[in-house]
Amino acid sequence: MNRLDSFGIYFDETSSTFLLQTEKASYVMSVVNGYLGHVYFGKKLGYYPGKSVLRGSEYTYVSGKPGDKCTFMDGYPFEYSISGTGDFRTPALKIKNSDGFTGGELKYKSHKIYDGKKGVQGLPATFGSEKDTKSLEILLTDDVLGLEVTLKYSIFEGIDAVVRSVHIENKSDKEDGTFYIEKVMSSSFSLTCSNHEVITLHGSWARERIPDRRKIGHGRTSISSTRGISSHQEHPFMAVVSPDAGEDSGDVYGVSFIYSGNFLGEIERTQHDELRINMGIADDNFSWELKNGQSFDAPEAVLTYSGEGLGRMTHSFHRLFTDHLIRSPYLHKKRPVLINNWEATYFDFNEERLLQIARVAKEAGIEMLVMDDGWFGHRDSDNSSLGDWTVYRKKLPDGVDGLCRKINEIGLEMGIWFEPEMISPDSELYRAHPDYAIAIPGRPASECRNQFVLDLTRKEVRDCVYEQVAEILRSSNIRYVKWDMNRPLTDVGSLTTRGGEFHHRYMLAVYELQERLITEFPDLLLENCTSGGGRFDPGMLYYSPQFWCSDDTDAIERLYIQEGTALIYPPSTIGAHVSICPNHIVGRTTSLSTRGYVALAGTFGYEMDITKFSEEERAEIKKQVEMYHSLNPLVREGTYYRISSCSGLTKGNEKNKSFAWMNVSSDKKEALLTHVQERGGANERSVVLKLKGLSEDAVYKLSDGRSFTGDELMKIGFVTDKIYGDGASKLYHFIAE
């Protein structure tokens, strides 16, 4: 028997078994009596395994004898299940025919294995070359429906991840073979349950992506969004973990979804203590018509396995998203240090006010001014003008192009805020085209934040919005765009789009608009935003290399938010700024140095009126900017490690009083340790932190002259300096001698 240690995708004809091999994981499927079953996902195997776990010998139905098909269908670990013919577990696919009946049966027909990877039409998708990527397509069919389902798998060299998607085609030869997709998951697989737990990310506005860890009981556990966005409240990610899973040990199965709209993640613990794990588009209010010859592509899902705890799962996601999802030319570049005027002025600004901020910002070393909401139409508050992307001359008498020239003359670049998906009732566009807003015919639409959502599923609406935005960018030297979206979708109706198809077609339209934008303006730094982090997901990272993490800029709150975000997303994607104190969201006062250290863990920038700062504070900001230029390459390109946390993500840290994280260079010659004490206490000693990712044999030196071996730092630990007070912090930069 030949060992199959190397990276690749293999098929054994004798046993009809597929084996996907990544660096440290294996993914196995096999065919029994025509049914594709899930055999294994976990620690790397050296050989093709048997398929006894499929229990084919237990079912008379699969051994060619008359028997109980229903029992088989309800127990077999289908790789991709379909409803209506005896599998009563939560299905991956549900099809309704033109008579309104549901029921299907998918049988293996063929497969192909190839180097490289294909994209997904109209959707964000991972990419890879023929040198570092392998792909598998498995064709399943239902001849009664005329249904073809192609399961697509891709793996990437050096990354323990399997990317999956599904292509559905109507091949019916009936005169009217139309059917309706009522549910379509992008991935589905099974695990044998051993008291597993699940980690999800929950939240709300200004409190996004907070880890929640809990046991998986019998029945169905689910996370979802039906808001038209991936949402602040839930996140398209879940990790199934062994009870002992921590940062560096235990089994972790991570599932993420490369999509920005309604989603559903499901875990069902069955009567036989098996887990069925699904991820895909939410089936609530989803019904996709598929006529003869038509096809549908589901978004991609990412599956990761780590036998070395949450840390390795994080590294798999970070590497996959960095190397195979984000396309921006800014990916491996320092982002400009910007200052956004929103928390400095809100709507109350004019050209001179912005120029004042720009002049002082330039002296402090800041590189870009971003003009936020309020520059267009007649917008002095949030109750008007969305959809009218024309200059508000009362504020900007020389237009955006005139302001941009003046900012450039000061020595800064300029960025601008848009909210292209929205329309205000008080706008010229709405008065001319009230039908452009999403609404159920005959029912008054619900306002949220004094605005409606544009029906982007209509081409004429997309073209109208895009041309307005593009005209501003064509006429000005704008280097950065903040694309915002400040409300969920409600009262979903359209003059041209079927109700059950609207949410997905809306997301396809948003993707099309952003693709047009970065195609016409390839050097633009695009940052997505949705009332903060309400649509911070892998789908948006395909178009923009960074996302505004949260509207809560308080440094202490950001410790939780940014840690939850970095569980999946690289630091280079996390929009993080230093803001004013007392903080405008929570009212807390934190030192300027701590605010700087926390912002340094992301893209780094400022949200404040710097003109009101003292000379001492401006001097400190100048030092922070210098710190960013010195350390950002390490933060952006280094490997991220969680060292200490107060979040409860890992068992045993609930009583911690400080957060600590590291960024380590790929050659292990440089490391940055950030330590932030959330709250101080009486009669407490300094903290001992066991560092990670270093070279055992190297000697690391700090700027104060102290030196340590990597072996000592990782096994015995590093004794931090004693710090005092809530929010106190310290940065340690280790350099190998």
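Look up a bit, the structure's there.
This is a predicted model, so every value here is computed, not measured.

All told, the structure shown has 60 salt bridges when counted by the stated rule. The residue arginine 89 makes a salt bridge to aspartate 87 at a minimum N-O spacing of 2.9 Å. For arginine 89, a relative accessible area of 7% corresponds to the buried category. For aspartate 87, a relative accessible area of 6% puts it in the buried group.

Counting through the fold element by element, arginine 462 comes out in helix H7 (residues 459–475). You can call arginine 462 buried: its relative accessible area is 10%. Measuring from C-alpha to C-alpha, the distance between arginine 462 and isoleucine 357 comes to 34 Å, with 105 residues separating the pair along the chain. Not counting residues within four places of it along the chain, the set of residues in contact with arginine 462 comprises Leu456, Thr457, Ala509, Glu512, Leu513 and Arg516. Here leucine 456 takes part through its backbone oxygen, which lies 2.8 Å from a polar atom of the side chain of arginine 462.

Pairing between sheet strands relies on hydrogen bonds along the backbone, with the strands arranged either parallel or antiparallel. Strand order in the open sheet formed by four strands is E1-E2-E3-E4, with antiparallel pairing between adjacent strands. Each edge of the open sheet is held by one strand with a lone partner, namely strand E1 (8–12) and strand E4 (35–43). Across the sheet, the axes of successive neighbouring strands diverge by a mean angle of 15°, strand direction being ignored. As paired strands, E1 and strand E2 (residues 17–21) are joined by five bridges and run antiparallel to one another. If you follow tyrosine 10 over to E2, its bridge partner there is leucine 19.

A word on the nonpolar core. Counting residues in each nonpolar core, the largest one holds 195 residues, and the members touching the most others are Leu93 and Trp375. At nine residues, helix H8 (residues 502–520) tops the list of elements feeding residues into this core. Tryptophan 375 has contacts with Phe349, Trp389, Thr390, Val391, Tyr392, Leu396, Val400, Ile416, Trp417, Phe418 and Ile472, leaving out every residue within four places of it along the chain. Of all hydrophobic cores here, the second largest spans 19 residues; its members include Ile643, Ala671, Leu691 and Phe718.

So, on to the sheet that holds strand E22 (residues 368–371). Overall, parallel pairing links the nine strands, which are arranged E29-E28-E27-E26-E23-E22-E21-E31-E30 in an open sheet. If you trace the sheet from one side to the other, it starts and ends with strand E29 (574–575) and strand E30 (578–579), each paired once. Relative to E29, strand E28 (residues 546–548) is paired through two bridges, and the arrangement is parallel. Across the sheet, residue tryptophan 548 finds its bridge partner in E29, namely glycine 575. Where H7 meets the sheet, its contacts fall on strand E23 (413–418) and strand E26 (478–483), and the angle it forms with E23 comes to roughly 170°.

Attention now moves to the side chain of glutamate 266. With respect to the element layout, glutamate 266 can be found in strand E16 (residues 263–269). A polar contact of 2.8 Å, which involves the side chain of glutamate 266, links it to the side chain of threonine 90. In contact with glutamate 266, other than residues within four places in its own chain, are Thr90, Pro91, Lys183, Met185, Thr221, Ser222, Met238, Arg276, Ile277 and Asn278.

Moving on, we come to helix H5 (residues 399–410). The end-to-end C-alpha distance of H5 is 17 Å, a good match for the 16 Å that twelve residues give at a rise of 1.5 Å each. The set of residues buried in H5 consists of Gly399, Val400, Gly402, Leu403, Cys404 and Ile407. The inward-facing, buried residues of H5 abut helix H4 (351–363), E22, E23, H7 and E26. A positive phi of about 115° marks glycine 411, the residue just after H5.

Rules and cut-offs
- Residues numbered from 1 in each chain as written.
- Predicted model: local features only at pLDDT ≥ 70, side-chain atom pairs only at ≥ 80, totals over all residues.
- Heavy atoms only, no water.
- Salt bridge = Lys/Arg side-chain N within 4 Å of Asp/Glu carboxyl O.
- Buried < 20%, exposed > 50% of the residue type's maximum accessible area, 1.4 Å probe, protein only.
- Helix = DSSP H or I, 4+ residues; strand = E, 2+ residues; numbered from the N terminus.
- Contact = heavy atoms within 4.5 Å.
- Polar contact = N/O pair within 3.5 Å; in protein donor to acceptor, adjacent residues only side chain to side chain.
- Pairing = 2+ DSSP bridges.
- Axes fitted to C-alpha atoms, helices over the stretch in contact; angles between N-to-C directions.
- Core = buried A, V, L, I, M, F, W, Y, C linked by side-chain atoms within 4.5 Å.
- Expected span 1.5 Å × (residues − 1).

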